[in-house]
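Architecture at a glance
Each chain, written out:
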Amino acid sequence: MTEGFSEKRVHQRVPLDSPLFVNVHVDEAMELPVQLIDCSRGGVQLALSPATDKLWDMLNRTVLVTNLPRPIDPEQEGRIGFVAWISSGRFGVRFDMPLMLTEGEIREVAAEL
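Each chain has its residues counted from 1, running along the sequence as written. Whole-chain, interface and lining totals are the exception, using all residues; otherwise, since this is a predicted model, local features are given only for residues with pLDDT of at least 70 and side-chain atom pairs are given and counted only at 80 or more. To get the side-chain values, all heavy atoms of the structure are used, and hydrogens and water are removed first.

Turning our attention to the side chain of Thr66. A run of DSSP states H or I qualifies as a helix once it reaches four residues; a run of E qualifies as a strand once it reaches two. Both are numbered from the N-terminal end. Looking at the secondary structure, you find Thr66 in strand β4 (residues 62-66). In what follows, a contact means two residues having at least one pair of non-hydrogen atoms within 4.5 Å. Look past the residues within four positions of Thr66 in its chain and what remains in contact with it is Val22, Asn23, His25 and Gly78.

Listed below in structure tokens is the structure:
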């Protein structure tokens, strides 16, 4: 990521202190287990398992993130977004619609995990 990227950030990231695993669905045929690194109203940062090398062609692709904590995804239907960046086994998903939680509420969810 470039230094200028952080200047463009609209929503503050909230890091997670404990590992939380979610799934990313790419197309209908592929589901990847990933670790949730941090969350903001606008999206999430995720990390692939070291044994997985599936980041090949995900940049700008639409994905569905599932198994998120209930306060982040109340209906448990998953959050749609697109892969905005990829770097060193991690990638960022920008949600199509921002979360309806404040930064403080996201911090509360993170503290409870």
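Now that the structure has been shown, we can carry on.
What follows is about the pairing of strand β2 (residues 30-40). Any two strands with at least two DSSP-identified bridges between them are counted as paired. Two elements, strand β1 (residues 14-26) and β2, share 9 bridges in a ladder whose sense is antiparallel. Residue pairing for β2: Leu20 is matched across the bridge by Leu36. Where β1 folds back on β2, the antiparallel hairpin that results is connected by 3 residues, among which Asp27 adopts a positive phi of roughly 60 degrees. Relative to strand β3 (residues 43-48), β2 runs antiparallel, the two sharing 6 bridges. Looking at the pairing, Val34 lines up with Leu48 of β3. The antiparallel pairing of β2 with β3 creates a hairpin that spans 2 residues between the two strands.

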